[in-house]
Amino acid sequence: MPQQVSPYAILEGQYELHETIGSGGFAKVKVATHILSGEKVAVKIMDKRQLGDDLPRIYLEIEAMKQLSHQHVCKLYQVLETETKIFMVLEYCPGGELFDYIVERDRLEEDEARLFFRQIASAVAYIHSMGYAHRDLKPENLLLDDDQQLKLIDFGLCANPAGGMDQRLATCCGSPAYAAPELVSGHQYLGSEADIWSMGVLLYALLCGFLPFDDENLGALYRKIQAGVYEKPEWLSAGSRDFLHTMLQVDPKRRITITQLLNHPWIVLGQPHGVDATSKYKTCGVDEDVITEIAVHQGKSRVAVRQAVCRWSYDYLTATYFLLVTQKMKGKPIRLIQKVTPLGEIPSQRTPARCLMEQLNKEKPVDVPCGMPNSLGNSPRGLHTSLEGGLDDIDLLSICKVTPIDQLVDKVVGKTTNPELELTPLVSPKKRRPPSVGDDDKENFAQPRVPTPGHKSRKKATPSTP
Ligand code: ADP
């Protein structure tokens, strides 16, 4: 009988897989050790057959993450693919979801909320500047690393309109409770404006511990969002109320822009300056110390290593390069581990050093500038580490068709009458999404997880008008 090959065999020699740390609508996430550097990573594992029509969304997420390199965006290190699986090797965020952080504390004090919100604003301004709208901003998609730094994840619903950020979109996606009024009304919308609304809902959740717009009935929830009326608990300061009011504007044209938001008095309070959205990672060139370490370890010339790294293939070499850069940024010595085979033990066919060597020995790369990879795997848009980098001008978003609200209500996850959607075998109903492919008129709402009003006993709250 033929021996069954493990679905994880492709990782052999490169990573040691450990326990499962999370699961979402599409994926199981495990912590792992990158053998050559000893660094911990998160491996997001997806089964292509289960993904079905959602497979293009995973490729979209991968391409987006290749382009994005920012201290508050979870970094993609490597992509591995087999006939049945896709593995995304990611920066490991051991601190868990911001959602759980809020729930454990009921709600956050304004100063702590400000520190988190500054990081969120920095990440969102950066991704907008790179031509992306996230479209699923919520506390479940913000993870904490071991330094209390937030990292934005889950770019499976992002938009990167070909016509730039001024192009209008029509896909209804994300979580209903965080969706902007124009989106739930089925109007075309700008992704940047919709993201700002979601940031308002997010800040409200941080400060209050529950959602501003909530209802078990989806139609009723949409009507509340469209009315833009929400409670203002008495513990909210006047400054917080004002700031929330600028983001939770029903008319998107009256909503604060991301550029204004970065320097709003609420965000600056107690801080030396507004939010700097610049990437702290190096946006051009490679880190020569890291190149040298790899070259010495592999017995190759620095020129050869530099050329191979600059292919940005998102293979073991790319992962090794990024992880060593991260070690350097954290002030740790840059060091690759040479695993010694104990006496009497036969060395494994696939050692990490061999995996790296295979990639270094690939044919000569095309002549590309050494900088941030693009969707083809190579181009100069800045992934590497140093204190250089810059924020590009903020463009805006994209085009699509209109979906009437009634259709949305019928087809949203959990409320759908489509048996196929109800049978989608996904892990948690809370994070479940209906199958959807591109930026057409399908909707991709997920269920909210933030505690609902009444979930906790609260002091008296006063309603506001839009
Ligand atoms: P899906 O795309 O299927 O929704 P996610 O990307 O949201 O999957 O990941 C599912 C869960 O796995 C997250 O909510 C989080 O708890 C955990 N997780 C994801 N990425 C990481 C990471 N880089 N580090 C630590 N945990 C992670």
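In this convention, every chain numbers its residues from 1, walking through the sequence in written order. Residue-level local features of this predicted model are given only where pLDDT is at least 70; pairs of side-chain atoms are given and counted only at 80 or more, and the full residue set underlies all totals for whole chains, interfaces and linings. Side-chain measures here rest on the full set of heavy atoms in the structure, leaving out hydrogens and waters.

## What to know about the site of the ligand
In step 1: For the ligand, the set of nearby residues contains 20 residues, the closest of which are Phe26, Lys44, Glu91, Cys93 and Glu97.
In step 2: Two N or O atoms count as a polar contact when they lie within 3.5 Å, although within protein this holds only if one can serve as hydrogen donor and the other as acceptor, and sequence-adjacent residues are included solely when both atoms are side-chain atoms. Here a nitrogen atom of the ligand sits 2.7 Å away from a polar atom, N or O, in the main chain of Glu91.
In step 3: Between the ligand and Cys93 there is a distance of 3.0 Å, counted from a nitrogen atom to a backbone nitrogen or oxygen.
In step 4: Exposure was quantified through the Shrake-Rupley algorithm and a 1.4 Å probe, taking into account, for residues, occlusion by the shown protein chains and nothing else. Across the complex, the protein chains shield 95% of the 550 Å² of accessible surface that the ligand would expose by itself.
In step 5: Helix and strand assignments come from DSSP, with helices taken as H or I runs of at least 4 residues and strands as E runs of at least 2, each series counted from the N terminus. For the shell around the ligand, the secondary-structure elements that each account for two or more residues are β1 (15-23), β2 (27-34), β3 (39-47) and β5 (85-91).
In step 6: For the shell around the ligand, the element with the highest residue contribution is β1, accounting for three residues. Note on definitions. A residue lies near a molecule or strand when any single heavy atom of the residue is within 4 Å of it.

## Some details on the nonpolar core
In step 1: We call a set of buried residues a nonpolar core when its members are Ala, Val, Leu, Ile, Met, Phe, Trp, Tyr or Cys and they connect through side-chain atoms within 4.5 Å of each other. Between buried and exposed lies partly exposed: a residue is buried under 20% and exposed over 50% of the maximum accessible area for its type, with that area taken using a 1.4 Å probe on protein chains only. Counting residues in each nonpolar core, the largest one holds 124 residues, and the members touching the most others are Leu98, Phe117, Met199, Leu203, Leu261 and Tyr321.
In step 2: Of the residues forming this core, the biggest block, 12 residues, is contributed by helix α6 (residues 191-208).
In step 3: Contact criterion: two residues are considered in contact whenever any of their non-hydrogen atoms come within 4.5 Å of each other. Those residues in contact with Leu98 that lie beyond four places of it in its chain are Phe116, Ile120, Pro139, Leu142, Leu150, Leu202 and Leu206.

## Some thoughts on the pairing of β2
Residues in a regular strand point their side chains to alternate faces of the sheet.
In step 1: Taken across its eight residues, β2 has seven buried, putting it largely inside the fold.
In step 2: At least two DSSP bridges between two strands are required for those strands to pair. Sheet topology places β1 next to β2; six bridges connect them, and they run antiparallel. The partner of Thr20 across the bridge, within β2, is Lys30.
In step 3: Sheet topology note: the β2/β3 ladder contains eight bridges and is antiparallel. Bridge assignment links Ala32 to a residue of β3, and that residue is Val41.
In step 4: Joining the antiparallel neighbours β2 and β3 is a turn of four residues, in which Gly38 adopts a positive phi near 75°.

## Considerations on the sheet that holds strand β4 (residues 76-81)
In step 1: Strand order in this open sheet of five strands is β1-β2-β3-β5-β4, and the pairing throughout is antiparallel. Taken across any chain shown, the strands that pair with only one partner, and hence form the sheet edges, are β1 and β4. Strand-to-strand, the axes of this sheet are offset by a mean angle of 25°, without reference to chain direction.
In step 2: Across the sheet, helix α2 (residues 55-67) is in contact with β3, β4 and β5; its angle to β5 comes to roughly 30°.
In step 3: Convention adopted: a line fitted to C-alpha atoms gives each axis, helices being fitted over their contacting stretch, and angles between N-to-C directions are expressed from 0 to 180 degrees. Packing against the sheet, helix α13 (residues 316-329) makes contact with β1, β2, β3 and β4, and its axis sits at approximately 160° to β4.

## Here we look at empty space enclosed by the protein
In step 1: Using only the protein atoms, space was sampled on a 1 Å grid; points where a 1.4 Å probe fits but cannot get out form cavities, open sets with protein on both sides within 12 Å along at least five of seven lines form pockets, and lining residues are those with an atom within 4 Å of a point. Grid points are joined across faces, edges and corners, and a volume is the space filled by probe spheres set on the points. Counted according to the given criterion, the structure contains two cavities of 30 Å³ or more.
In step 2: The calculated volume of the largest cavity comes to roughly 90 Å³.
In step 3: Along the wall of the largest cavity there are 13 residues; nearest its centre are Arg135, Cys173, Tyr178, Ala179 and Ser198.
In step 4: Mapped onto the lining of the largest cavity, the elements with two or more residues apiece are β8 (172-174) and α6.
In step 5: The biggest single contributor to the lining of the largest cavity is α6, with three residues.
In step 6: Amino acids outside the nonpolar list (Ala, Val, Leu, Ile, Met, Phe, Trp, Tyr, Cys, Pro) and the charged list (Asp, Glu, Lys, Arg) are all regarded as polar, and Gly is one of them. Within the lining of the largest cavity, the residues separate by chemical class into seven nonpolar, three polar and three charged.

## Regarding the packing of aromatic side chains
In step 1: Here is the rule: rings of Phe, Tyr and Trp (six-membered ring for Trp) pair when centre to centre is within 6.5 Å. Planes less than 30 degrees apart are stacked, more than 60 are edge-to-face, and the remainder are tilted. Tallied over the entire structure, the rule returns 16 aromatic pairs.
In step 2: Between Tyr15 and Tyr316 the ring centres are 5.6 Å apart and the planes differ by 90°, which places this aromatic pair in the edge-to-face class. Taken together, the residues span a long stretch of sequence, with Tyr15 in strand β1 and Tyr316 in helix α13 at a distance of 301 residues.
In step 3: According to the relative accessible area criterion, Tyr15 is buried, its value standing at 4%.
In step 4: Feature note: the residues Trp197, Tyr204, Phe210, Phe213, Tyr230 and Trp235 constitute an aromatic cluster, connected by ring pairs.
In step 5: Residue placement shows Arg114 over the ring face of Trp266; its charged tip is 4.7 Å from the ring centre. Any Lys NZ or Arg CZ that is within 6 Å of a ring centre and within 35 degrees of that ring's normal is treated as a charge sitting over the ring.

## Focus: the pattern of salt bridges
In step 1: A pairing counts as a salt bridge when a side-chain nitrogen of Lys or Arg comes within 4 Å of a carboxyl oxygen of Asp or Glu. One pass over the full model with this rule turns up 20 salt bridges.
In step 2: The salt bridge partner of Lys328 is Asp289, with a shortest N-O separation of 2.9 Å. Here Lys328 is found in helix α13, whereas its partner Asp289 is found in helix α11 (residues 288-298), with 39 residues between them in sequence.
In step 3: Using a relative accessible area of 43% as the deciding quantity, one classes Asp289 as partly exposed.
In step 4: Among the ionic contacts, a cluster of salt bridges with common partners joins Asp47, Arg49 and Lys85.

## Notes on the layout of surface pockets
In step 1: Considered as a void within the structure, the second largest pocket measures approximately 470 Å³ in volume.
In step 2: What lines the second largest pocket is a set of 20 residues, and nearest its centre among them are Glu91, Asp145, Lys151, Thr326 and Lys330.
In step 3: Of all the secondary structure elements, the ones that give two or more residues to the lining of the second largest pocket are β3 and α13.
In step 4: The leading source of residues in the lining of the second largest pocket is α13, at three residues.

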